[in-house]
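In case you want the letters, here they are:
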Amino acid sequence: MTQDEQKRAVAREALRFVEPDAYIGVGSGSTANFFIDELAVIKHRLRGAVASSARTAERLKSHGIWIDELNNVDELPVYIDGADEVMESGAMIKGGGGALTREKIVAAVARKFVCIVDASKLVKKLGAFPLPVEVIPMARSYVARELVLLGGHPEWRMGFTTDNGNLILDVHGLNIVDPIAMEAQISQITGVVTVGLFARRGADVILIGAPEGIRTITPTRRK
């Protein structure tokens, strides 16, 4: 199976977590796009969807799937999204596409977070993929200096603005031994909107598309 075939297969597998006559949270990125395409087949079973980015909303709309604002949704049984890196503990790095803040908000609201990835995204330790950090524009240089003190090498994602009107710093070289602790530490830097570490609220289920088939991981604890 090619990487895209793995993504498509795991996206199809994720349909079994969709609850009938309910809202579903939908993430962003290439694997999430495959999921949206699969979701269109069963759209008649849905009440609607909550999108984690403008691009996701447009793709959902193109399939005729009703979009609602999160503020209007009383209950969100499940959120389905990909990851740039994910550990078996459920901790992950997200934000390669720049939608980390809205993704983290939707994940926080959902009762269950199902992470769908191809086999290349499963890692023993986070950090090979640069860690995205969304920052208020006027705080960009200050936050970058603080991230250097943590051992990182931040790069401004020039020419990119998030759906929230903010900037992204991609942090290379961080030694992420304790994802929960580092998530808290970076989040407390003044000017940081969101850090792309999803550890305190990681995945409840990880579906991995591999050449030999779909692998399911249910994390028992997060570090």
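Our subject in this report is the structure included herewith. Bear in mind that the values here come from a model prediction, so they are computed numbers and not experimental data.

**As for the overall build of the protein chain**
Looking only at helices and strands, the protein chain features six helices and 13 strands. Once the C-alpha set of the protein chain is aligned to its principal axes, its extents read approximately 50 × 40 × 30 Å. A burial count over the protein chain gives 54% of its 223 residues as buried. Restricting to contacts in the protein chain with at least 6 residues of sequence separation, those with at least 24 account for 72%. Separation of charge centres in the protein chain, based on 27 positive and 27 negative side chains, amounts to 2 Å.

**Describing the sheet that holds strand β9 (residues 167-172)**
The four strands lie next to each other as β8-β9-β7-β10, forming an open sheet whose pairing is antiparallel. A single partner strand is all that each edge strand has here, and the edge strands are β8 (153-156) and β10 (192-195). When strand polarity is set aside, the average angle formed by the axes of neighbouring strands in this sheet is 30 degrees. Relative to β9, β8 runs antiparallel, the two being bridged by four bridges. Following the sheet pairing, histidine 153 is matched in β9 by histidine 172. Sheet contacts for helix α5 (residues 140-149): β7 (131-135), β8, β9 and β10; angle to β9, the most-contacted strand, approximately 15 degrees.

Each value, and the rule that gives it
Residues numbered from 1 in each chain as written. Predicted model: local features only at pLDDT ≥ 70, side-chain atom pairs only at ≥ 80, totals over all residues. Heavy atoms only, no water. Helix = DSSP H or I, 4+ residues; strand = E, 2+ residues; numbered from the N terminus. Buried < 20%, exposed > 50% of the residue type's maximum accessible area, 1.4 Å probe, protein only. Contact = heavy atoms within 4.5 Å. Lys, Arg positive; Asp, Glu negative; His and termini not counted. Charge placed at Lys NZ, Arg CZ, Asp CG, Glu CD. Pairing = 2+ DSSP bridges. Axes fitted to C-alpha atoms, helices over the stretch in contact; angles between N-to-C directions.

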